[in-house]
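# Notes for the structure review
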Amino acid sequence: MPRDHEGLADASLAIHAGTGAARSFRPGSPVVEPIVQSVNFALTSDVVDDLVTTGGRNSYSYTRTANPTTESAARVVAALEGAERALVVASGMAAITGAIMALLPPGGRLVAADEIYRDTAHLLDQHVERLGFGVSRLPLAQLAGSAELGPADVVYIETLSNPMLRLADVPAIAAAAHRAGARLVIDDTFTSPVNLKPLALGADLIVASATKYLNGHSDVVAGVVAGRAGLIESVRDVVSLTGACADPLASFLLLRGLRTLPIRMMRHNASALWLAGELSRRADLELVAYPLLASHPDHELATRLLAGGSGMVTIRVPGGDEAAHRIQDRLRLIRPATSLGGVESLVCIPAETSHLTVSEAERARLGILPGTLRLSIGLEDPGDLLRDLDQALSGAAAAAGQPDVAAR
Ligand SMILES: Cc1ncc(COP(=O)(O)O)c(C=O)c1O
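Model, not experiment: these values are computed from the prediction.

### Concerning the domain arrangement of the protein chain
Domains assigned within the protein chain are domain 1 (8-258) and domain 2 (261-399). One C-alpha centre belongs to domain 1, the other to domain 2; they are set 27 Å apart. Listed by partner, the interface residues are 37 residues for domain 1 and 42 residues for domain 2. For the domain 1 and domain 2 pair, buried surface summed over both sides reaches about 3,300 Å², with 64% attributable to carbon and sulfur atoms. For domain 1, the biggest contributors to the area lost against domain 2 are M164, N195 and Y213; these three give 23% of the whole. If you look at where domain 1 meets domain 2, you find 2 salt bridges. A salt bridge links R365 to D114; the shortest N-O distance between them is 3.3 Å. Across the domain 1-domain 2 interface, the total number found is 19 residue pairs in polar contact (both at pLDDT 80 or more). Contributing elements (two or more residues each) for the side of domain 1 that touches domain 2: α1 (6-18), α6 (118-128), α8 (170-179), α9 (192-195) and α11 (248-259). In terms of residues, the side of domain 1 that touches domain 2 owes the most to one element, α1, which gives 4 residues.

The structure is reproduced here in structure tokens:
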């Protein structure tokens, strides 16, 4: 019997172990766990005792604090991440805010990679710093050296950066963070736990936008945090008090999405790797970035750390953002939209979306040169996706009066 590679087989088992429905095989019991769309729960004397003694850790009383459907989704996330405990919260940004607020002591210092999601950077620069915390930024490549880190409480990175797909050397950065006395928080939105499990490599806390691969259907905004029970309980307090809880319907939909995460990731990985290889044979592209291509600067690290390269491919065309627009406008199957990780393939021009508020000079420093397009490769037939890209690239070149130099 063929077996999926280790990471995927583990993930399938984790999903079955995590869902409450799998644990109750009574006659007539539902295969799919029913949604508990209730704000409040009966206040029996046991619940009141628990509220008094633990603040309600072991019971349900009010959905902003805890809800059975949200906890089921959190159990699956914990199992997938190899974490003691996890939380499902309102959005990726709620997860990031909760984790940072829970970990920073009064006057604490956070060091983040330059290559992080722009809204996370804005949160750090505009709000975390305003509240009196120290925030410093270093290029991802320098974070593995503890000398550069200095004393810190939190080191914050992402597994794969947006949109250049630089891979964090998680074991080296975790070791450097720990030497500096800091905890390592890592956003694994772009890889998903199917492709990389940062907790096993030394990270202390995972945060992610479940809006992307974890849910995978572009119909839920949610976030997750995973790690050791003590840390998660601290984050839970912040999430509850800042009102950043997930709605039960979002948790229910997330549970549905999580059930197919391993098989979806397998297809995202395979299609993106194949497309990146095919695209890199075109002579009219300045760059094809994909971590598992031999031409990628982190290729060696990627082959060591990643079970799969994920579904993101970044390309750069000559002629700057105008040329990128001509190509984007000609794509028929791949749709222009922000976000990523859904079943449908998407394209965006980072200079006009995720990095709109970043100066051209800063974008160049991050390697995001004019003409860059980011592709989120979905679950469509990869041949259809390649045909769509080929016709858009060749059609845009012809419209601009350039010869068709596709070299396949
Ligand atoms: C890497 C990364 N982290 C966090 C977020 C924020 O997630 P959400 O939109 O669910 O708040 C995003 C959103 O695009 C992201 O790309």
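Still to come is the rest of the account.
### A closer look at the sheet that holds strand β3 (residues 134-138)
Taken in spatial order, the 7 strands line up as β1-β7-β6-β5-β4-β2-β3 in an open sheet, and their pairing is mixed. A strand with exactly one partner marks an edge of an open sheet, and here the two such strands are β1 (85-89) and β3. Direction aside, the axes of adjacent strands within the sheet are offset by 20 degrees on average. Sheet topology places strand β4 (residues 154-158) next to strand β5 (residues 183-187); 5 bridges connect them, and they run parallel. What sits directly across from Y156, in β5, is V185. Packed on one face of the sheet, helix α4 (residues 68-81) meets β1, β6 (205-209) and β7 (223-227) and runs near 130 degrees to β1. Together, β2 (109-113), β3 and β4 form the strand contacts of α6, whose direction differs from that of β3 by roughly 145 degrees.

The rules behind these values
Residues numbered from 1 in each chain as written. Predicted model: local features only at pLDDT ≥ 70, side-chain atom pairs only at ≥ 80, totals over all residues. Heavy atoms only, no water. Domains from an automatic or database assignment. Contact = heavy atoms within 4.5 Å. Buried area = accessible area lost by both parts, 1.4 Å probe. Salt bridge = Lys/Arg side-chain N within 4 Å of Asp/Glu carboxyl O. Polar contact = N/O pair within 3.5 Å; in protein donor to acceptor, adjacent residues only side chain to side chain. Helix = DSSP H or I, 4+ residues; strand = E, 2+ residues; numbered from the N terminus. Pairing = 2+ DSSP bridges. Axes fitted to C-alpha atoms, helices over the stretch in contact; angles between N-to-C directions.

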